[in-house]
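# Coordinate inspection notes
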Amino acid sequence: MKMPLAYRASILALAATLGSTPALAADQPSDQTVVVTAQSTTPFDESAGLDKLGATLFDNSRSIQIVPRELIDQQGGVQLKDTLRNVSGLVQGGQYAFGFYDRFVSRGLNVTFLNDGLPDTTSDLGGYVHSLTGVERVEVLKGPGSALFGTSAPGGTINLVHYRPTDRAAASASLQYGSFDKITANGSLNGALGGGVNARVDGQFQRSDGYRGTRNRSGEVSGTLAFHPANHDILARFEYHRIEVHPDAIGIPFALPAAGSTRVDPLNVSLDNRYYTPFAFADQSIKRAFLSDAWTVNDSLVVNLRTAYTDRDVDLARNAGGRLTGTALTGRQLRQQQDNIHDFVFQAEPTWKFSAGSMPVTLLAGFEYRNVSATTRRSTADLPNIANVYSPVIPETSLAALNFQCDKAHSCNDAKVDGRFYGLYATAQVDITPRLKLRLSGRQDWFNTSAEGRSVIPTNPGSEHPCDPPTTATTCPFVPDQPVVRNDDRFEWDVGAVYQLADSFALFGGYANNSYPIFNTEEPQSIGQVPEKGTQVEAGLRFRQGNWLSLSTSLFRTTRKNVYVIVLNESEVYSYRVKGWESDLSLRPVPAWNINANFTLQDAVLTDYPQNMTQIGNRVPSVPKRIGNVWTSYDIALPDKIGTFQLAAGLRYRSDYFGDTAQTRLLPGATMVDLTAAVLNGPWTIRGGVRNIGDARNFDYAAGVGSGAIPGPGRTFFLSLALKTL
């Protein structure tokens, strides 16, 4: 790995002396028994930053969930993917996930990531693994979010909300060790610097040998300043991330179909078998600066200004291709790619609170400008065949011995891409009566995207587009000084209502649509394509009873159109719709006992597939029909000076689903049970757990190159120690 030793040592030293895992406050006497209960994942009296207007979840016309830090720590979560179980309809997966970044699906559609409300420089085909360093909570908006956020995927939006500095001196530290020699050390410092300025520093170091050798190593540090001059709330943050991953983009190959059958499962081989090259890597350096100001002009007007700049460098080599021929894995390739991405975004959002007659109104207007510029370079090398998939031996012996090429048979590019996005928008909530609330949102966006060659390369699947002007050839490569440009203007809107039949019972529903310009460095040739579009219709109800019961259930219908993908070096476009029902329950029968549960039932089918009309009506790849999760914890008061014993257990269930549109490659479902236990004593927390205690065979998602299924780990464990002082 390429992380300098001094850098690793500095991050580890920081993490060993600091920390960010919440525990009991030190101002509680150490000999006093304290019962700690995790917050609900659907606290209806809270509001989410994703909403922008400050409405509580109970009064919101959209399905939004909040996963609090307390629950994340109770489950031993250290990465964003560890929180998915707490949100209905949200799973890891999606086609073309290459093993080195987060790719999630909500209600059958891709999701977008935000960092404190602003884009985090990822795309649907390229990103990074999000840690939970300094993260206070995770917010999830389900369905299209373009009316609020502009360029966003139709499945939903995930927002990571970080802790803000306070004037109270605090320090904390945590260390977690688990299977595959996984070590996660966190640290934080918080307090006043004087002159009305508060500061916070968060750091994390993580390393793991990884399941099936997918080792990873990362170091992160962020520093935040907050100060409050008259009528202003100013926040400034700088982040640095170094992430090194050894990705598996192959998984376990699918078997060949038996006579008279078309459906196949992953090969019945040991899940420890490896088919990816030992020279695969994905290294990233991310630097991000964030600045915001909430200016209170008067009692009825607040102007929010936000801006961020991100510089992201990606250096990777990942597997591509691969098909089973008899007992051999043939057609293997390794793609080498370097990206440099610059992302600048600015938002200005004045928010008014006033009355229209007897109706209270909250109105937000906004302007957003975003510029993403990037360079990308790729070449491809052929890899030797793996002779026997039942006893695999990786033939390649060194990266230097491989011949990386650029021609018709080897995907390559050398291009610069640029995207400029402008948006004008407004959203309003009107309390027509104390029980009836109406939400209206509209946004006009202008998208300008372009791609241009930096050098002359041959026509190939990684850099081809329709010739402009048309020639005798059907496709042309990118060339210098001849950019391929696309301009689009789109209007997105969102309308919904909430009606409270009683203080504890509310009906909600609405419609939202979505536009998503195709813009990424993985497929720069896609930049000239028509933007994706999505819609959602939703209707549901919420029920609450005191602070011990909250229930949300809804019916939804989503669509995704103009989905552009590359399959076997050929471009394809398809559309699909998802109909479903989901429910989330938070129950506290007694103060010491918490139950959180969710269930999703969904039907996702192809509605348009020009390349193969016979597949219309087939199930959509990577979308399981059923998803279910339960998490329960119970706190037992122990004698003084020992504290509280917390016992927790969870169940995760996902039904089978297909890895291709032809419905031939079936990923089997799985049910897994997890157990954790903790001792909570004043500022100390000691926690341990076992995941997938039954060692159930499971798969995370279908491999991005279409050749296999990525196995999930069997039985694993973790043990953590956390200290927080005030």
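Description of the structure in this document. Since the model is a prediction, treat every value here as computed from it, not as a measurement. (Residues numbered from 1 in each chain as written. Predicted model: local features only at pLDDT ≥ 70, side-chain atom pairs only at ≥ 80, totals over all residues. Heavy atoms only, no water.)

## As for unusual backbone geometry
Phi at T121 takes a positive value of approximately 75°, unusual for a residue other than glycine. Here T121 lies in the loop between β5 (118–119) and β6 (135–142). Residue classification places T121 among the buried positions, given a relative accessible area of 6%. If you check the backbone angles, N562 has positive phi at about 60° while not being a glycine. Judged by its relative accessible area of 21%, N562 is partly exposed. (Helix = DSSP H or I, 4+ residues; strand = E, 2+ residues; numbered from the N terminus. Buried < 20%, exposed > 50% of the residue type's maximum accessible area, 1.4 Å probe, protein only.)

## Focus: the pairing of strand β20 (residues 436–453)
Strand direction decides the pairing type here: strand β19 (residues 413–431) and β20, joined by 17 bridges, are antiparallel. Its bridge partner being in β20, A426 is matched across the sheet by G442. Pairing of β20 with strand β23 (residues 484–502) involves 16 bridges; the strand directions are antiparallel. Counterpart to R439 in the pairing with β23 is G496. (Pairing = 2+ DSSP bridges.)

## Examining the sheet that holds strand β35 (residues 699–702)
Taken together, the three strands give an open sheet; going across it, the order is β13-β36-β35, and neighbouring strands pair in antiparallel fashion. Across the chains shown, the open sheet's two edge strands, defined by having one partner strand only, are β13 (252–253) and β35.

## Thoughts on the packing of aromatic side chains
Inspection of the entire model under this criterion finds 15 aromatic pairs. Summarising the aromatic geometry, the rings of F344 and Y369 are spaced 6.4 Å apart at their centres and angled 55° between planes, so their arrangement reads as tilted. Of this pair, F344 sits in strand β16 (residues 328–356) while Y369 is found in strand β17 (residues 359–382), placing the two residues 25 residues apart along the sequence. We classify F344 as partly exposed; its relative accessible area is 33%. Given the relative accessible area of 18%, Y369 is considered buried. (Phe/Tyr/Trp six-rings, centres within 6.5 Å; stacked < 30°, edge-to-face > 60°.)

## As for the nonpolar core
Grouped together as the largest cluster of nonpolar side chains are 23 residues, with contacts concentrated most on I252, L267, Y275, V389, L667 and F699. Breaking this core down by element, the ones donating at least two residues are β35 and β36 (708–711). By residue number, the principal contributor to this core is β35, which donates three residues. Judged by nonpolar contacts, the second largest core, of 18 residues, contains L80, V111, L160 and W631. (Core = buried A, V, L, I, M, F, W, Y, C linked by side-chain atoms within 4.5 Å.)

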